[in-house]
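Listed below are the residues making up each chain.
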Amino acid sequence: NDIVYSQCAYFYMSRPAVLCAVLPFHTVRLTAGVVLGGMASLFVDREIGVLLHRGYTLPDFVNQCVSNIHGHGKGRQVPVHYGSPELKFHTVSSPLATQMPQASGAGYAVRNTGNCVVCFFGEGAASEGDAHAAFNFAATLDVPVIWWCRNNGYAISTPSSEQYRGDGIASRAAGYGMDVIRVDGNDLLAVHIATAKARDAAVTNSRPVMLEALTYRGGDHSTSDDASAYRTDEEVIHYNAQNPIDRMLRFLIAQGYYTNEEDAAHRKLVRDDVLAVVKVAEKEPLPSIDSMFDDVLEPMPPHLQKQQQELRDHLALYRKEYPTSRRLD
């Protein structure tokens with residue numbers, strides 16, 4: 001959230017309690033010998049902890065959010081839409097569930113290789129048609145995909161009680177002939193065990209596995225949202241008492257592995273690191289206007305060349321209306 005407070009990103013999706021539902025996933029080895037080797041892939045939504053563990057750095061995150069020249073999206077993508085071909089995770093996409101059919105295809109490509117594909121999604125995405133098509137393809141083609149559902153109770157402002165009449169997403173697995181695990185998403189150790197078993201089952205049997213982690217979205221959906229408009233303070237207080245970060249902290253302290261003083265020092269260290277990276281990133285140049293036409297078609301066709309020249313002429317005519325001092329020529 002410090003990225004937003006510094007006003008260098010216009011949009012952000014915070015991850016208070018939901019983050020912990022996927023934290024233990026980081027320690028589960030997905031492939032033999034290498035991180036997501038071969039064609040094995042991650043399809044992520046808001047699982048930034050997973051990306052950090054796989055090698056996506058703080059500068060990578062912040063550069064993307066502020067859209068400078070070092071950002072993965074080269075300034076063309078919404079903040080928090082991360083991606084990395086090198087680390088084998090596909091770029092986040094705003095439309096719900098578009099990653100799910102892609103995950104089925106990626107899973108088909110890695111059958112019988114000892115690898116698997118993991119696709120993260122929320123219970124809201126599971127209401128999209130793409131989700132059902134993806135589940136059916138994965139099941140009928142016997143592909144090693146872990147369908148990792150982060151059920152946090154809300155699809156932006158729509159509560160799960162208005163999304164479906166069942167008690168969650170797990171019950172759908174039987175209809176597709178898939179194995180399924182449901183776990184307390186606020187219990188880090190339970191999530192680790194469940195994910196490890198899902199990975200083993202997917203790879204050993206070359207079949208999809210659905211894993212539903214029941215958790216709660218502790219904050220607003222994004223900086224464009226005000227959750228107080230559709231849920232009460234009492235509800236938030238009730239669920240935040242089960243915050244998995246605090247829950248794990250209490251466990252570590254009780255076991256003698258950690259102290260409150262160490263926790264406070266670590267939180268300060270992490271915050272200082274983030275702010276230092278933000279300070280550097282927000283001063284970096286922005287991509288040139290011309291670059292928005294790159295990486296589309298090669299060679300650039302005549303109609304795009306024409307559009308590019310029209311934009312140049314427009315900017316030359318109305319230069320004062322378009323501040324470009326931080327942009328590369």
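So, how was this worked out
Residues numbered from 1 in each chain as written. Predicted model: local features only at pLDDT ≥ 70, side-chain atom pairs only at ≥ 80, totals over all residues. Heavy atoms only, no water. Helix = DSSP H or I, 4+ residues; strand = E, 2+ residues; numbered from the N terminus. Buried < 20%, exposed > 50% of the residue type's maximum accessible area, 1.4 Å probe, protein only. Contact = heavy atoms within 4.5 Å. Salt bridge = Lys/Arg side-chain N within 4 Å of Asp/Glu carboxyl O. Axes fitted to C-alpha atoms, helices over the stretch in contact; angles between N-to-C directions. Parallel < 35°, antiparallel > 145°, perpendicular 65-115°, else oblique. Pairing = 2+ DSSP bridges. Right-handed = clockwise from strand over helix to strand, strands pointing away.

Engineer: Help me out: how do you make sense of the overall build of the protein in this one?
Structural biologist: A tally of regular secondary structure across the protein gives 12 helices and eight strands. A burial count over the protein gives 44% of its 329 residues as buried. Taking as baseline every contact in the protein between residues at least 6 positions apart, the subset at least 24 positions apart corresponds to 72%.

Engineer: Would you mind going over the pattern of salt bridges with me for this structure?
Structural biologist: Close approach of charged atoms lets side chains of opposite charge pair. Under the counting rule described, the total for this entry stands at 13 salt bridges. Between Asp295 and Lys74 there is a salt bridge, with its nearest N and O atoms 2.8 Å apart. Residue Asp295 is found in the loop between α11 (260–281) and α12 (302–317), and its partner Lys74 is found in the loop between α4 (58–66) and β2 (89–90); the two are separated by 221 residues along the sequence. Assessed through its relative accessible area of 58%, Asp295 is described here as exposed. Here Asp187 ties to Arg247 by a salt bridge, and the two come within 3.8 Å at their closest N and O atoms. One end of the pair, Asp187, is in the loop between β7 (179–184) and α8 (188–205); the other, Arg247, is in helix α10 (residues 244–254), with 60 residues separating them in the sequence.

Engineer: What is the right way to look at the packing of α10 against α11 in this model?
Structural biologist: Relative placement of two packed helices is described by the angle separating their axes and the distance separating the axes. Close contact between α10 and α11 brings their axes to 10 Å; oriented N to C, the two are set at 135°. Considered as vectors, α10 and α11 are oriented oblique to each other. Residues Ile245, Asp246, Leu249 and Ile253 of α10 lie in contact with α11, whose contacting residues are Asn260, Asp263 and Arg267.

Engineer: What's the story with the pairing of strand β3 (residues 117–122) in this structure? I'm lost.
Structural biologist: Each regular strand shows side chains that alternate between the opposite faces of the sheet. Within β3, six of the six residues are buried, which leaves the element mostly enclosed by the surrounding structure. Here β3 shows no split at all, with Val117, Cys119 and Phe121 on one side and Val118, Phe120 and Gly122 on the other all buried. Where strand β1 (residues 42–43) lies against β3, two bridges are found, and the strand directions are parallel. Pairing of Leu42 across the sheet is with Val118, part of β3.

Engineer: How should I be thinking about the pairing of β7 in this particular structure?
Structural biologist: Across six bridges, β7 lies against strand β8 (residues 209–214) in parallel orientation. Paired with Asp184 across the two strands is Leu214, which belongs to β8. Tracing the backbone out of β7, into α8 and back to the parallel element β8 gives a crossover that is right-handed.

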